[in-house]
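Listed here are the chains, written in short residue letters.
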Amino acid sequence: MRAAPTWIDKVHDRDKVEQCIYDVAFKPDGTQLIVAAGNRVLVYDTADGTLVQPLKGHKDTVYCVAYAKDGKRFASGSADKSIIIWTSKLEGILKYTHNDSIQCVAYNPVTHQLASCSSGDFGLWSPEQKSVSKHKVSSKITCCGWTNDGQYLALGMMNGVVSIRNKNGEEKVKIERPGGSSSPIWSIAWNPSKDEHHDILAVADWGQRLSFYQLSGKQIGKERQLNFDPCCVSYFSKGEYIVIGGSDKQASLYTKDGVRLGTIVEQNSWVWTCRVKPDSNYVVVGCQDGTIAFFHLVFSTVHGLYKDRYAYRDSMTDVIVQHLITEQKVRIKCRELVKKIAIYRSRLAIQLPEKILIYELSSDDSSDMHYRVKEKIGRRFECNLLVVCSQHIILCQEKRLQCLSFSSVKEKEWIMESLIRYIKVIGGPPGREGLLVGLKNGAILKIFVDNPFPILLLKQNTSVRCLDMSTSRRKLAVVDEHSTCMVYDIHTKELLFQEPNANSVAWNTQCEDMLCFSGSNYLNIKASNFPVHQQKMQGFVVGYNGSKIFCLHVYSMAAVEVPQSAPMYQYLERRMFKEAYQIACLGVTDSDWRDLATEALEGLDFDTAKKAFIRVRDLRYLELINSIEERKKRGENDSELFLADVYAYQGRFHEAAKLYKRSGHDNRALTMYTDLRMFEYAKDFLASGDPKDTKLLMKKQADWAKNSKEPRTAAEMYLTAGENLKAIELIGEHGWVDMLIDLARKLDKAEREPLARCAEFFKKLNHHGYAAETYSKMGDLKALVQLHVEAKHWDEAFGLVEKHPQYKDDVYVPYARWLAENDRFEEAQRAFHKAGRQDEAVKVLEQLTHNAVVESRFNDASYYYWMLSMQCLDIARDNGEKKEEMLEKFHRFQHLAELYHVYHSIYHYMVEPFSSNMPETLFNLARFLYHNLTKDIPLGISKVYTLYALAKQGKALGGYKVARHAFEKLQGLKIPARFQESVERSFLTVRSKPYHDSEELIPMCYRCSTHNPLLGHQGNACVNCRQPFIYSASSYEVLPLVEFYLEDGITDEEAVSLIDLEVPRVDRKTPRWKEMSSGESQSLMLDDDVDGSEEDPFTAKLSFEQGGSEFVPVTVSRVVLRSMSRRDVLIKRWPKPLRWQYYRSLLPDVSITMCPSCFEMFHSEDYELLVLQHNCCPYCRRPFEEPN
């Protein structure tokens, strides 16, 4: 470390009296220096020391100055008790006073609040506030400083106390020093480093001690004795060093831990202030005699290198050892100034001011980085250079070399004839190492540690700057003071070559003939006597190991990976393959290895080629080399043939063919061309050859076509050869539809197998149109139908079925399955039905019905059950064996259809807030359903819902007896929670009503005119005559219809013809009837006044045949049939095997309509309204437009 003066100035007043410099402050950007000199504030330009402007405003000595961190303003404090705030433009903007002289000022680095301290108090001022808040103190304040975060202010006092205050001036920590008032605090400073974990305060007192404290008041480390009175403590910007000036008339440099590193500058009087320029190594000092001196600190590099280990000084007191290959680093803390470093193998020597430490590695591992102290030499040495060996240290002082053992015994001493400029250990056995020494007079010597006599290697005319010896000790590289690199043969002393622009040189430790040197920002690599290869690089070359060059730039050492490609190619150009291989082993790219291998192979150096191909793992070429070596062992030695094989492997086929021909191996050339499918070249090669060879060539070409990776060409060749099936397979596999359709159209329809394969490929490639065309050409209708079915082209399939009904099953069954898979179950059921698959049709319907019930779609369930019953009827008609079973199912499904039809309205009444049905309708529905739920209750139908609807509507319509009965029944059932309260309340209220039903609700039997109870033991039949009631399928009111049966021997056709006879009746008024007939329904509106005097034969049947405990049906004869009017009779014309059912209307004025599909009866008005709403029958869903 040395201090170079930049500028110096001495301050006097007008009377030439020296003005003491008490304080200085830098502007944050470092461009200006503010100086407290006498009663003036001086502003200097730091670049050259020119006085920018003296500022006058104080009437007495200025003791302190401080600059705000933002650079906008600075402050000065004076013995005249005032503070002046100045702008960066050097204008005074504010002045305020204390009661005593101002001792120190400090700006908060964050809030820019100004702390000003006097003998009796301190004040805090910021631009935002008008007044200055002041706080009394018990002792004179000598110095102050803010923490880096601006939260706390430290005050150093005359009584030896450091008081730490917060931003409001309240004391938080009090540090009482052991010396008390006999050791006044004279300077404090906070460490500005951002890397420290705590705020660290440096405290210097006039007890001549330097101490360090944490913000909490805890002391860090031990106190350092200064041996002078400190006047100023100042940190470098990053906190790594401290500058202290004082009564010893000098400014000294210390580490951040307080270890003295040396003197920066000596002066003639006390140094009252010293400061470091922000972010730089410039220091300014201010003295008692008015001297202002500005210095540049230059920190020299202290380092040592041996092979891949580099040791250098850090923070002046630490040594870092860096492994240049693994990039590992280890720090050795010496806690004293490190003066010299030397490293050799496992040894590390560090010279400190009063001793030399010898370290050794803890193991022999080449990557081990753990150093331990081996020896301590407790003496002070003065030397220019330090070298360490296995058992000695070598001290170099100008012309003298001294060899000391680790126990500090001087073993040898050599006196040189000139100054020693360069020294280096070049290895050797432990205790007998050799040293290479270069002198200023140009002499180069070799000295052995155990030999008192130096050996002169050579003498040149110019001073030595840098030296290195090759690994074999045969060559010596020297860089002289004229930057010339010269290489000598050590034995002959002959100058082998020289190169200009060199500042350092290094031999490659792994290759004898390679060296590198640096200079003019270029790195130069020289191999043997070849021209130099240059590349850009800054710094000095200090080592060369394999492909790594160690380069020192300023303070950092780096290992630069340099590919050895250039020297390798230089050897290759001279066909020096073995030497090129040695260079490649140092480090080249994969492509360089391949080039080396190829060049060596072409040069028939198979050994080198083999090693290079092994490096790039090229098995193909290794097989070739092995085969050539085997052939050589068998006695072959035709170099042209070997070279031809090499050319063939490299793809230089024509050159290979020429060499084959020249060496008399034509057949090899032919084989090569045919293997490569170069048939045209093969033909040219055989232009005037044997016809047998030409035939062989054609055969090979055909075989190639078969296994070729050019299938289109192969397919065309197959077609030319008439191999249609092989061509079709190839074309189909690659999906060339254009070729395939052309081929299919060209083929004769008799060639069924190729056509069938074409059609299969068309199907596979989703070209159904072409497949259909092909099947049509073949006349294969079954396959065509199958094609349409697979492609789901149903319209085309149905079109074919119309022309060819024998394929009906092949279309309808897959169609039905497809519909079922796509959730179109009703259409699927009809398709199964059309296909004659009744069982599957029934299965689909049963599943549909079950789903509808589970999903509470009771209307759909009713419809599906009706459809199921009709399916069963069809099966019973067509299948005699299943007739009884199917008829039983028919009646059961008809019954279930009606129950679900009724329950649909009840369910919606229960779960929905509003109902479209009249109360009377709901009452009738619930009563009908209740009568039918006596035995098994079908899935999904709730007896609770039925009884609740019956009870509620009964109560509303005056059927209290029925309602009470329903509520009583409900008590024995599990009622949903949401109805529980309503049921209990209604049950209580209905018991207050009379225990009978309204007469308007009582149903009457139209056969025997008996009034039936609402809930009778006969259910939906008359209690008197047992005649079943006929209900309207919409309102479920009892219709005025009586079913009658035909006497034995009367067929349905005869009965209809007898009824249609319309025998005229006498003495009757002209009937006023109105007939409504259409294709969709039978409607009867009879409105005539019949004279009651004439007795109707049918009425007689009613009266004569009623009574008894068994139900006696009404059976009519031909006479009675003949007497009936067609308009009075409704007929359910069931398909076979069922008999028709006949009903006679007893109230001709009531209009009744029967659906011709499901044969359900309705009041005509209800039916017309429902048909208008749904456009179909509400029961069987037969569309209104559909003909009967």
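Fair warning: this is a prediction, and the values are worked out from it, not measured in the lab.

Colleague: Now, about the overall build of the protein: what can you tell me, with residues and values included?
Modeller: Across its full length, the protein holds 30 helices and 63 strands. Burial statistics for the protein: of 1188 residues in total, 51% are counted as buried. In the protein, of all internal contacts separated by at least 6 residues, the share reaching a separation of at least 24 is 44%. When the accessible area of the protein is evaluated, it comes to approximately 57000 Å², of which 48% is carbon and sulfur surface.

Colleague: Account for helix α23 (residues 919–932), with residues named and values stated.
Modeller: Within an α-helix, residues lying three or four positions from one another point in the same direction, as the helix has 3.6 residues per turn. Helix length check: α23, at 14 residues, gives a terminal C-alpha distance of 20 Å against a target of 20 Å (1.5 Å per residue), a fit within 8%. α23 sits mainly inside the fold: 11 of its 14 residues count as buried. Buried residues of α23: Thr-921, Leu-922, Phe-923, Asn-924, Leu-925, Ala-926, Arg-927, Phe-928, Leu-929, Tyr-930 and His-931, and no others. Residues of α23 that are buried in the fold lie against α22 (883–911), α24 (943–957) and α25 (960–971).

Colleague: Give me the lowdown on empty space enclosed by the protein, citing residues and values where you can.
Modeller: The final tally for this structure, using the stated rule, is one cavity of 30 Å³ or more. One number sums up the size of the largest cavity: a volume of about 50 Å³. Taken together, Cys-1005, Tyr-1006, Arg-1007, Gln-1027, Pro-1028, Phe-1029, Val-1038, Leu-1039, Leu-1041 and Val-1042 make up the lining of the largest cavity. Taken together, the residues of the lining of the largest cavity sort by class into eight nonpolar, one polar and one charged.

Colleague: Talk me through the packing of aromatic side chains; I want residue IDs and the actual numbers.
Modeller: All told, the structure shown has 38 aromatic pairs when counted by the stated rule. Judged by centre distance (6.3 Å) and plane angle (15°), the rings of Phe-74 and Trp-86 are stacked. Residue Phe-74 is found in strand β7 (residues 73–78), and its partner Trp-86 is found in strand β8 (residues 82–87); the two are separated by 12 residues along the sequence. For the residue pair Phe-74 and Trp-86, the accessibility class agrees, reading buried in each case. The interplanar angle of 35° and the centroid separation of 6.3 Å between the aromatic rings of Tyr-907 and Tyr-945 together place this pair among those described as tilted. With Tyr-907 in helix α22 and Tyr-945 in helix α24, this pair connects stretches of sequence that are 38 residues apart. Here the two residues Tyr-907 and Tyr-945 agree in accessibility, since each one is buried.

Colleague: Residue-level account of helix α5 (residues 619–633), with values.
Modeller: For α5, spanning 15 residues, the distance from its first C-alpha to its last is 21 Å, which sits close to the expected 21 Å at 1.5 Å a residue. Those residues of α5 lying buried are Tyr-621, Leu-622, Leu-624, Ile-625, Ile-628 and Arg-631. Where α5 starts, the residue carrying a side-chain oxygen 3.2 Å from the main-chain nitrogen of Arg-620 turns out to be Asp-618. In the segment just after α5, Gly-635 is the residue with positive phi, at about 110°.

Colleague: Any details on the environment of Arg-1007? Residues and values, ideally.
Modeller: In this structure, Arg-1007 sits in the loop between α26 (977–990) and β56 (1041–1046). Between the C-alpha atoms of Arg-1007 and Leu-1146, which are 139 residues apart in sequence, the distance is 8.4 Å. A distance of 2.8 Å separates the side chain of Arg-1007 from the side chain of Gln-1027, its partner in a polar contact.

Colleague: Any details on the sheet that holds strand β10 (residues 102–107)? Residues and values, ideally.
Modeller: One open sheet holds the four strands; their spatial order is β10-β11-β12-β13, and the pairing between them is antiparallel. Two strands close off the open sheet at either side, each with one partner strand: β10 and β13 (133–136). Each adjacent strand pair in this sheet contributes to an overall mean axis angle of 15°, direction not counted. Of the pairings in the sheet, the one linking β10 to strand β11 (residues 114–118) comprises five bridges and is antiparallel in character.

Thresholds applied
Residues numbered from 1 in each chain as written. Predicted model: local features only at pLDDT ≥ 70, side-chain atom pairs only at ≥ 80, totals over all residues. Heavy atoms only, no water. Helix = DSSP H or I, 4+ residues; strand = E, 2+ residues; numbered from the N terminus. Buried < 20%, exposed > 50% of the residue type's maximum accessible area, 1.4 Å probe, protein only. Contact = heavy atoms within 4.5 Å. Areas by Shrake-Rupley, 256 points an atom, 1.4 Å probe, with all protein chains shown as cover. Expected span 1.5 Å × (residues − 1). 1 Å grid on protein atoms, 1.4 Å probe; cavity = no way out; pocket = protein on both sides within 12 Å on 5 of 7 lines; lining within 4 Å. Points joined across faces, edges and corners; volume = space filled by probe spheres on them. Nonpolar A, V, L, I, M, F, W, Y, C, P; charged D, E, K, R; others polar. Phe/Tyr/Trp six-rings, centres within 6.5 Å; stacked < 30°, edge-to-face > 60°. Polar contact = N/O pair within 3.5 Å; in protein donor to acceptor, adjacent residues only side chain to side chain. Pairing = 2+ DSSP bridges. Axes fitted to C-alpha atoms, helices over the stretch in contact; angles between N-to-C directions.

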